[in-house]
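Tertiary structure, described
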Amino acid sequence: MRTPSVPAAAESGITILVLALLLSTQPVTTDLYLPALPTLTYALGASVTQGQLTLSALLLAFGCSQLFWGPLSDRWGRRPILLTGLLLYTLASIGNTLAASMDLLILWRTLQGVAMGAVVMCGRAIVRDLYTPVAGARAMSKALTGLGVVACLCAPIGGWLADALGWRSALLALNAYALLTLAMVWRHLPESLPQPNPQALRPAILLRTWGRVLRHPTFWAYSLLTTASYGGLFVFLASSSFIFIEVHPLRGSAVFHRCGLLRRHLFVPGTHGPLRPHAHGGHWGAAQRQRRRPGHGGGRSGLAYAAGPVATVLPVHAGPRHPPALWAIGLRGTVSGRSRRGLGL
């Protein structure tokens, strides 16, 4: 169920809870402030396009940063990179709350996206470190169940905070979530990487790994699939708050109670399906147990994780009038279990 060097505490139920918190960082960051987005946009004297840039800049930084966080975690371990990411995320959350202009808010959201890349990437790499493929699928299924619950609650909570305490309270809530996650990681999540890879940061190795991923047809098949799917989702995220709050005479909390449920229906099933236990069984599971090498999980799949959010900025600015733009966005930043199987990652 785990490598011999991983502490026994890593198999406890608390580990699943911590993984759920780590993986939920993305929906918390993108969803919780959405009900406050129109209010903060007008309060800071910005345009709708600038307000939407707080989301697209976040996602662009999130995707690009994983190209570097993965190799760094292979070299120095998951725990130091994870703690660094959570500290940066906390700092960026404070900056978001205190931002006096839209330009500063966009800057802090960009830094928050960089930090979020470390958190989510390490969360997925830790699963590879602790579990065999079959056991890892079960662990991810449980963790993603927590993610689904958190994602459904984010928009209603954000709407209530924006109505009751003002738009800055929705941004401050991200800081509270980051501190809770940081405390849980510090206390309950030990280092999971059995052996750091001293060669992980060599440019030749990085380029060879990225080239191998880019040449693989399975990577492109799943990337294009999730591009089309998540394009619609992120158009919805960027535009829904302005449409539901400004066009319809409903308050943020009421609208986003419905919106949180709708978001879950828009969520792409293909990204969850491959993580069910039965999807990793059979000969592939045995082959992966033989081929897995410590210190290669984060960097090898770094490009696959980074592929999606890099291109999510287009629908925010192209809008629903330009459907072809959806094909250039939303690669999601992850490759599903079946994609990694095809890539041999």
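Residues numbered from 1 in each chain as written. Predicted model: local features only at pLDDT ≥ 70, side-chain atom pairs only at ≥ 80, totals over all residues. Heavy atoms only, no water.

Broken down by element type, the chain carries 16 helices and zero strands. For the chain, with 345 residues in total, the buried portion stands at 56%. Summarising the internal contacts of the chain: among those between residues at least 6 apart in sequence, 86% fall at separations of at least 24. (Helix = DSSP H or I, 4+ residues; strand = E, 2+ residues; numbered from the N terminus. Buried < 20%, exposed > 50% of the residue type's maximum accessible area, 1.4 Å probe, protein only. Contact = heavy atoms within 4.5 Å.)

An ideal rise of 1.5 Å per residue puts 42 Å on 29 residues; helix H6 (residues 102-130) measures up with 42 Å between its terminal C-alpha atoms. In terms of burial, H6 is largely enclosed, as 21 of its 29 residues are buried. (Expected span 1.5 Å × (residues − 1).)

Looking now at the pattern of salt bridges. Here the structure, examined in full by the defined rule, presents two salt bridges. Note that Asp-74 is salt-bridged to Arg-78, the shortest N-O span being 2.8 Å. Of the charged contacts in the structure, one is a salt bridge between Asp-129 and Arg-78, with a shortest N-O distance of 2.7 Å. Separated by 51 residues along the polypeptide, Asp-129 in helix H6 and Arg-78 in helix H5 (residues 78-98) bring together distant segments of the chain. Just as Asp-129 is buried, Arg-78 falls in that class too. By sharing partners, the salt bridges in this structure join Asp-74, Arg-78 and Asp-129 into a single network. (Salt bridge = Lys/Arg side-chain N within 4 Å of Asp/Glu carboxyl O.)

All chains considered together, the criterion is met by one aromatic pair. Here the aromatic rings of Phe-219 and Trp-220 are separated by 5.3 Å at their centres, their planes lie at 75°, and the arrangement is edge-to-face. On the accessibility criterion, Trp-220 (42% relative accessible area) is partly exposed. For the cation-ring pair, Arg-75 lies above Trp-76, with the distance from its terminal atom to the ring centre recorded as 4.1 Å. Directly above the ring of Trp-186 sits Arg-79, whose terminal nitrogen or CZ lies 5.2 Å from the centroid. (Phe/Tyr/Trp six-rings, centres within 6.5 Å; stacked < 30°, edge-to-face > 60°. Lys NZ or Arg CZ within 6 Å of the ring centre and 35° of its normal.)

Grouped together as the largest cluster of nonpolar side chains are 68 residues, with contacts concentrated most on Leu-22, Leu-40, Leu-82 and Val-185. Breaking this core down by element, the ones donating at least two residues are helix H1 (13-23), helix H3 (37-43), helix H4 (48-76), H5, H6, helix H7 (133-165), helix H8 (167-188) and helix H10 (217-247). It is H6 that contributes the most residues to this core, 14 residues altogether. What Leu-22 contacts, discounting residues up to four positions off in sequence, is Leu-82, Val-119, Val-120, Gly-123, Thr-181, Val-185 and Leu-189. (Core = buried A, V, L, I, M, F, W, Y, C linked by side-chain atoms within 4.5 Å.)

The next subject is the packing of H5 against H6. For the pair H5 and H6, the least separation of the axes is 8 Å and the interaxial angle reads 155°. In terms of orientation, H5 and H6 fall into the roughly antiparallel class. Note on packing geometry: the crossing formed by H5 with H6 is left-handed. Its residues assigned to classes, the contact of H5 with H6 comprises 17 nonpolar, five polar and three charged. (Axes fitted to C-alpha atoms, helices over the stretch in contact; angles between N-to-C directions. Parallel < 35°, antiparallel > 145°, perpendicular 65-115°, else oblique. Left-handed = near helix turned anticlockwise from the far one by under 90°. Nonpolar A, V, L, I, M, F, W, Y, C, P; charged D, E, K, R; others polar.)

Our next topic: the confidence of the model for the chain. With 68% of its residues at a pLDDT of 70 or more, the chain shows a mean pLDDT of 75. Of all secondary-structure elements in the chain, the lowest mean pLDDT belongs to helix H12 (residues 282-291), at 38, while H5 reaches the highest, 95. With pLDDT under 50 throughout, residues 1-5 is counted as low confidence; its partners more than four residues away or in other chains account for 13 contacts. In the model, residues 264-294 has pLDDT below 50 throughout and makes 61 contacts with residues more than four positions away in sequence or in other chains. (pLDDT = per-residue confidence, 0-100.)

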